[in-house]
Amino acid sequence: MSIFWSSWITILSLACWLGILGVLLFVLRNKPDLQEDGTTGHIYDDVIQEYDKPLPKWWLVIFFGTIVWGLVYFLLFPAIFPSHFNGFSTVEVDGKTVPWSSENELYSDLEKNNKVFTENFNNNFLPNAAAQKQLATLASLQAKEPVKSERSSELSEQIQANVEALAPYVKELSGNQKALMAGERLFLQNCAVCHGSTAQGAPGYPNLTDNDWLHGGEPENILVTLHNGRHVNLDPTQPLPMPAQRADIGEQGVRAVAEYVLSISKNQEKTELDPAKITEGKTIFGEKCFICHGQDGKGMISAGAPNLTDGIWLFGGDRETVQETIRNGRGGVMPEWETKLGNERIMLLASYVYSLSNNAVVAPADSAAK
């Protein structure tokens, strides 16, 4: 904070405090002249007379108490020259005693709440010693470099390996009704805005209740997606995950490939297809699109490329929408949740998402370690 704003806050604070104190002292010291009967001589409506009675002592005690508290507040918190004086009040953040500030208080409260949540998670949701050890290892690796974008490739690989190692415990949690209820609340609070309250998605937002997954629907895939997100480089000079093809294959090629894609899919609109375009589109598909979608069009989880033969579409499967996808490309953002929710909450959320398309109750993992 600059010296100007620091001084401005100090002047306003002290001026208000002195002004209130001054008004109170002025009222107490300046008494009006009284008549012999104790009134001030003012009569209203020929009936009502004005007396000058002392203020109740309890009221004065409270009022002076607030003034004294104002002085105490100035000492406890950074109200006087906050750029130079932090006050005597402190909070605990990351195991260190730091001066009070609204930001430090927020982080301190979050740490306390997370501690309570973690203890509840370990005691009631996943009382598994092996799982808790794995989570502790993951947390220690993340603490080495909290900023994800600044992590080395080696550290990122170690963290991902530890995230994937938690997959068996996600299956275990998916058989715990209380864990699923907690995971559902987390989903409704954080994920429903895109995927819907029923998790059935919308155009551009995946349906999480079926068995069609761009990046895989196993617990390890879901964990990695939640921890890291599935990001698109929003730089317009960079290609989209589904790159625009019009500049490469032309408008005629776009229409031909779309026709071929409709022919190998369920052709939801049941529209009449052009055999000549299908043949042309198949040739282009085999030259340009197979790298991600495969020669059979069934997609690749490693590339996040969808299966084009199952009739399940993220953006729509009619001719016009398929042409638009090929022509201009598609891209979306699945944000990362590691820094927002933490490892234990992600475990609960992953177990709930996994349960949506895998309803069988799973036996506890490593029960001997409990």
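**Student:** Account for the packing of helix H9 (residues 219–228) against helix H14 (residues 343–357), with residues named and values stated.
**Tutor:** Interhelical geometry of H9 versus H14 gives an angle of 130° and a closest axis separation of 9 Å. Considering the angle they form, H9 stands oblique to H14. As for the relative orientation of H9 and H14, their crossing is right-handed in sense. Counted together, Pro219, Ile222, Leu223, Leu226 and His227 of H9 and Asn343, Ile346, Met347, Leu349, Ala350, Val353 and Tyr354 of H14 form the full contact between these two elements. Among the residues forming the contact of H9 with H14, the class breakdown is 10 nonpolar, two polar and no charged.

**Student:** I'd like a description of helix H4 (residues 129–144), backed by residues and values.
**Tutor:** Along its 16 residues, H4 runs 23 Å from first to last C-alpha, staying within 8% of the 22 Å computed at 1.5 Å per residue. Residues of H4 that are buried: Ala131, Gln134, Leu135, Leu138, Leu141 and Gln142. Taken down its axis, H4 places every buried residue within 125° of arc, on the same side. Opposite the buried face of H4, by more than 90 degrees, sit the exposed residues Lys133, Ala143 and Lys144.

**Student:** Describe the pattern of salt bridges, naming the residues involved and giving the relevant values.
**Tutor:** Going through the model one piece at a time under the given rule, you end up with nine salt bridges. Note that Arg255 and Glu251 form a salt bridge whose closest N and O atoms lie 3.2 Å from each other. Of the two residues, Arg255 and Glu251 both sit in helix H10 (residues 246–264), four residues apart, roughly one turn of that helix. Residue Arg255 is classed as partly exposed on the basis of its relative accessible area, which comes to 34%. A salt bridge links Glu324 to Arg327, with the nearest nitrogen and oxygen atoms 3.3 Å apart. Placement of the pair is Glu324 and Arg327 together in helix H12 (residues 319–328), with a separation of three residues, close to one helical turn. You can call Arg327 buried: its relative accessible area is 13%. The network of salt bridges with common partners includes Arg246, Glu251, Arg255, Glu324 and Arg327.

**Student:** Which residues make up the packing of aromatic side chains, and what values do they have?
**Tutor:** Scanning all chains against the criterion turns up nine aromatic pairs. Between Phe4 and Trp5, the aromatic rings sit 5.0 Å apart at their centres with planes inclined by 75°, giving edge-to-face as the arrangement. With 6.0 Å between their ring centres and 75° between their planes, Trp69 and Tyr73 make a pair best called edge-to-face. Placement of both Trp69 and Tyr73 in helix H2 (residues 57–76) is noted, with a separation of four residues, approximately one turn of the helix.

Criteria and thresholds
Every chain is numbered on its own, with residues counted from 1 as its sequence reads. In view of the model being predicted, local features appear only for residues whose pLDDT reaches at least 70, and side-chain atom pairs are presented and counted only at 80 or more, with totals across whole chains, interfaces and linings using the full set of residues. Processing note: side-chain calculations cover all non-hydrogen atoms of the structure and skip hydrogens and water entirely. The convention used is that axes are lines fitted to C-alpha atoms, helices contributing only their stretch in contact, and that angles between N-to-C directions extend from 0 to 180 degrees. To qualify as a helix, a DSSP run of H or I must reach at least 4 residues; to qualify as a strand, a run of E must reach at least 2; elements of each kind are numbered from the N terminus. Our angle categories are set so that under 35 degrees counts as roughly parallel, over 145 as roughly antiparallel, 65 to 115 as roughly perpendicular, and the remainder as oblique. Crossings are sorted by hand: turned counterclockwise from the far helix by less than a right angle, the near helix makes the crossing left-handed, and turned clockwise it makes it right-handed. We call two residues in contact when some of their heavy atoms are within 4.5 Å. Only Asp, Glu, Lys and Arg are considered charged in this grouping, and only Ala, Val, Leu, Ile, Met, Phe, Trp, Tyr, Cys and Pro are considered nonpolar; every other residue, Gly among them, is considered polar. Multiplying 1.5 Å by the residue count of a helix minus one yields the expected span of that helix. A 1.4 Å probe rolled over the protein chains alone gives each residue an accessible area, and that area as a share of the maximum for its type sets the label: buried under 20%, exposed over 50%, partly exposed in between. Regarding the arc, it is the one traced by the directions from the helix axis to the C-beta atoms. Salt bridges are counted wherever a side-chain nitrogen of Lys or Arg sits within 4 Å of a carboxyl oxygen of Asp or Glu. Note on aromatic contacts: the rings of Phe and Tyr and the six-membered ring of Trp form a pair at centre separations within 6.5 Å, being stacked when their planes are under 30 degrees apart, edge-to-face when over 60 apart, and tilted otherwise.

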